[in-house]
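This is what each chain is made of:
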Amino acid sequence: QVQLVESGGGLVQHGGSLRLSCAASGSIFSITNMNWYRQAPGKRRELVAGISSGGNTNYADFVKGRFTISKDNAKNTAYLQMNRLKPEDTAVYYCMASVVIRAWLSSNDYWGQGTQVTVSS
């Protein structure tokens, strides 16, 4: 019903930048919020940043001042601008969106397939 496709991951040097995109498509009535998570090998998945339908944002402490989340409502797309990347930012980054597929229904959470970000030292 709803598909999320991430893009923009890759290999970057310490201190470099990447911009991730997450495009939502399918049966979308509205999107309540969009979030970026990450999961490093052997670690639990953790929230990186989120943005509400109204544009309110929240960030994990470990990315504040370095990462910026934004969205394009017309394209149902969220972005994660990642600056001053560190080796410890290496992980698979996942997009999650809370989507209402029809009026009067509650939202459901949908996940993308993930995109690998690798930061070399």
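Use the structure listed above.
Residues numbered from 1 in each chain as written. Predicted model: local features only at pLDDT ≥ 70, side-chain atom pairs only at ≥ 80, totals over all residues. Heavy atoms only, no water.

Tell me about the environment of Ala78, and please be specific about residues and values.
Structurally, Ala78 is set in strand E8 (residues 77-82). According to the relative accessible area criterion, Ala78 is buried, its value standing at 1%. Considering only alpha carbons, one finds Ala78 and Trp36, 42 residues apart in sequence, at a separation of 8.9 Å. Not counting chain neighbours up to four residues away, the residues in contact with Ala78 comprise Leu20, Ser21, Cys22, Met34, Trp36, Ser70 and Lys71. (Helix = DSSP H or I, 4+ residues; strand = E, 2+ residues; numbered from the N terminus. Buried < 20%, exposed > 50% of the residue type's maximum accessible area, 1.4 Å probe, protein only. Contact = heavy atoms within 4.5 Å.)

An account of the pairing of strand E3 (residues 18-26) is requested, with residue identities and associated values reported.
Alignment of strand E1 (residues 2-7) against E3, held across six bridges, turns out to be antiparallel. The residue of E3 that forms the bridge with Leu4 is Ala24. Sheet topology note: the E3/E8 ladder contains six bridges and is antiparallel. By the bridge assignment, Ser21 is partnered in E8 with Tyr79. (Pairing = 2+ DSSP bridges.)

So, the environment of Gly8: which residues are in play, and what are the values?
Considering the arrangement of structural elements, one finds Gly8 in the loop between E1 and strand E2 (10-13). Gly8 sits in the partly exposed class, given a relative accessible area of 34%. Between the C-alpha atoms of Gly8 and Leu80, which are 72 residues apart in sequence, the distance is 9.4 Å.

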